[in-house]
Amino acid sequence: MPIYRDDVVAWIKSVAEIITQNSRYLTELDSAIGDADHGTNMERGFKAVINKLPEISDKDIGTIFKTIGMTLLSTVGGAGGPLYGTWFLQAGVKTAGKMELTLADWTESLEASLSGVIMRGKAELGDKTMVDALTPAVDALKQSITENRPLSAALALSADSAQKGMEATTPLVARKGRASYLGERSAGHQDPGATSTYLMLRAAADVWKESA
Ligand code: ADP
Ligand code: MG
């Protein structure tokens with residue numbers, strides 16, 4: 001079975017809850033190598049998204065993603081706002097008019113989000129950013145298509161890969177964003193943006209495993 005529009009809405013609600021539950025954790029990570037606001041930024045953004053949901057949850061997936069993108073752009077602030085805004089705006093372009101997503105659709109959508117984030121933030125793999133969690137997640141989805149994995153297994157593998165990418169940010173020296181101002185002192189801390197990206201992708205695997 002595909003991922004239906006209502007499954008997408010359920011994912012967004014789950015992300016909002018998980019971001020709220022992990023707000024303090026994300027902010028703690030950001031206090032080590034940034035300015036201690038990533039959790040509060042993301043929580044504010046997803047609270048605004050939840051307030052918007054009633055207006056858009058009967059629309060197509062593209063409209064839902066685009067509206068989320070614009071909402072995050074205008075509410076999250078910092079580096080995360082434009083980057084997560086771009087993530088959902090690009091996803092919205094790829095899924096325009098769709099009422100359901102196949103594994104291939106979701107893969108294309110997340111790949112477009114990754115390209116958007118890279119185009120906007122100019123981060124490369126290994127720069128200790130959200131790109132380090134998102135890239136392996138997209139790669140795992142693509143590989144799952146080649147290997148004909150069912151949707152639930154593909155999503156779980158994508159979340160596992162994001163988790164490994166997130167964990168691998170710890171020893172890295174940051175080369176983008178605020179953390180890069182610390183130079184070598186940024187090593188030894190997990191990147192907050194890679195962590196929020198992982199949480200979002202794990203939520204997708206958990207919420208959508210029923211649809212597969
Ligand atoms: P700010 O750094 O402006 O306070 P946040 O704390 O909300 O913004 O977000 C910080 C996160 O944003 C970092 O942990 C990193 O993952 C991500 N980030 C910062 N700059 C970039 C960039 N140029 N490309 C991709 N991700 C980035
Ligand atoms: Mg910050």
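Above this text sits the structure in question.
Peer 1: Describe the coordination of the magnesium ion (ligand 2), and please don't skip the residues or the numbers.
Peer 2: Within the first shell, the magnesium ion (ligand 2) binds the protein through D30 (OD), D35 (OD) and D37 (OD), at distances of 2.0 to 2.2 Å. Between consecutive donor residues of the magnesium ion (ligand 2), the sequence gaps follow D-x4-D-x1-D. Judged by its relative accessible area of 21%, D37 falls in the partly exposed class.

Peer 1: Which residues make up the pattern of salt bridges, and what are the values?
Peer 2: Counted under the stated rule, the structure contains 10 salt bridges. K47 serves as the salt-bridge partner of E43, at 2.8 Å between the closest nitrogen and oxygen. You can see E43 and its partner K47 sitting in helix 3 (residues 38–56), 4 residues apart, about one turn around the helix. Residue D160 is joined to R202 by a salt bridge in which the shortest nitrogen-to-oxygen separation is 2.8 Å. Taken together, the positions of D160 in helix 8 (residues 151–167) and R202 in helix 9 (residues 192–208) put the pair 42 residues apart, joining distant regions of the chain. On the basis of relative accessible area, D160 is assigned to the partly exposed category, the value being 32%.

Peer 1: Tell me about the packing of helix 1 (residues 5–21) against helix 4 (residues 61–75), and please be specific about residues and values.
Peer 2: Direction vectors running N to C along helix 1 and helix 4 enclose 20 degrees, while the axes themselves pass 10 Å from each other. On the basis of the axis angle, helix 1 is roughly parallel to helix 4. Taken together, the residues of helix 4 that come into contact with helix 1 (itself represented by R5, V8, V9, W11 and I12) are I61, I64, F65 and I68. Its residues assigned to classes, the contact of helix 1 with helix 4 shows 8 nonpolar, no polar and 1 charged.

Peer 1: Describe the site of ligand 1, naming the residues involved and giving the relevant values.
Peer 2: In the region of ligand 1, 20 residues are neighbours, and D35, H38, A79, G121 and D191 sit closest. With respect to ligand 1, the side chain of N41 contributes an N or O atom lying 3.0 Å from an oxygen atom. Between ligand 1 and A79, the relevant distance is 2.7 Å, taken from an oxygen atom to a main-chain nitrogen or oxygen of the residue. When ligand 1 sits alone it has 570 Å² of accessible area, and the protein chains cover 93% of it. At a threshold of 2 Å from the grid points, most atoms of ligand 1 map onto the largest pocket. Every element with two or more residues in the shell around ligand 1 is listed here: helix 3, helix 5 (80–94) and helix 9. Considering each element in turn, the shell around ligand 1 owes the most residues, 3 residues, to helix 9. In terms of residue class, the shell around ligand 1 is made up of 6 nonpolar, 8 polar and 6 charged.

Peer 1: Any chance you could break down the layout of surface pockets for me, citing the residues and the numbers?
Peer 2: Roughly 540 Å³ of volume is contained in the largest pocket. For the lining of the largest pocket, the elements supplying multiple residues, two or more each, are helix 2 (23–33), helix 3, helix 5, helix 6 (103–121) and helix 9. Here the lining of the largest pocket takes 3 residues from helix 6, the largest share from any one element. Here the lining of the largest pocket is built from residues that sort into 9 nonpolar, 9 polar and 8 charged.

Peer 1: Please give an account of the nonpolar core that cites residues and values.
Peer 2: Counting 54 residues, the largest nonpolar core has W11, F46, F65, W87, F88, W106 and M200 as its most contacted members. Mapped by element, the contributors of at least two residues to this core are helix 1, helix 3, helix 4, helix 5, helix 6, helix 7 (131–146), helix 8 and helix 9. The dominant element in this core, judged by the number of residues it contributes, is helix 9, at 9 residues. In this structure, F88 is in contact with W11, I12, F46, F65, K66, I68, G69, L72 and M200, ignoring residues within four places of it in sequence.

Peer 1: Help me get a handle on helix 9, residues and values and all.
Peer 2: Along its 17 residues, helix 9 runs 24 Å from first to last C-alpha, staying within 8% of the 24 Å computed at 1.5 Å per residue. Counting buried positions over the 17 residues of helix 9 gives 15, a clear majority of the element. Where helix 9 begins, one side-chain oxygen reaches toward the backbone nitrogen of G193, 3.2 Å away; that side chain belongs to D191.

Peer 1: Give a detailed account of the packing of helix 7 against helix 8, specifying residues and quantitative values.
Peer 2: Packing of helix 7 against helix 8 leaves a shortest axis separation of 7 Å and a crossing angle of 150 degrees. Classified by the angle their axes make, helix 7 and helix 8 are roughly antiparallel. The interaxial crossing formed by helix 7 with helix 8 has right-handed handedness. Only A154, L155, L157, S158, S161, A162, G165 and M166 of helix 8 make contact with helix 7, whose side of the interface consists of D132, A133, P136, A137, A140, L141 and S144.

Conventions used here
Residues numbered from 1 in each chain as written. Chains lettered and ligands numbered in written order. Predicted model: local features only at pLDDT ≥ 70, side-chain atom pairs only at ≥ 80, totals over all residues. Heavy atoms only, no water. Donors = N, O, S within 2.8 Å, 3.2 Å for Na, K, Ca; no water. Buried < 20%, exposed > 50% of the residue type's maximum accessible area, 1.4 Å probe, protein only. Salt bridge = Lys/Arg side-chain N within 4 Å of Asp/Glu carboxyl O. Helix = DSSP H or I, 4+ residues; strand = E, 2+ residues; numbered from the N terminus. Axes fitted to C-alpha atoms, helices over the stretch in contact; angles between N-to-C directions. Parallel < 35°, antiparallel > 145°, perpendicular 65-115°, else oblique. Contact = heavy atoms within 4.5 Å. Nonpolar A, V, L, I, M, F, W, Y, C, P; charged D, E, K, R; others polar. Near = heavy atom within 4 Å. Polar contact = N/O pair within 3.5 Å; in protein donor to acceptor, adjacent residues only side chain to side chain. Areas by Shrake-Rupley, 256 points an atom, 1.4 Å probe, with all protein chains shown as cover. 1 Å grid on protein atoms, 1.4 Å probe; cavity = no way out; pocket = protein on both sides within 12 Å on 5 of 7 lines; lining within 4 Å. Sits in = over half its atoms within 2 Å of the grid points. Points joined across faces, edges and corners; volume = space filled by probe spheres on them. Core = buried A, V, L, I, M, F, W, Y, C linked by side-chain atoms within 4.5 Å. Expected span 1.5 Å × (residues − 1). Left-handed = near helix turned anticlockwise from the far one by under 90°.

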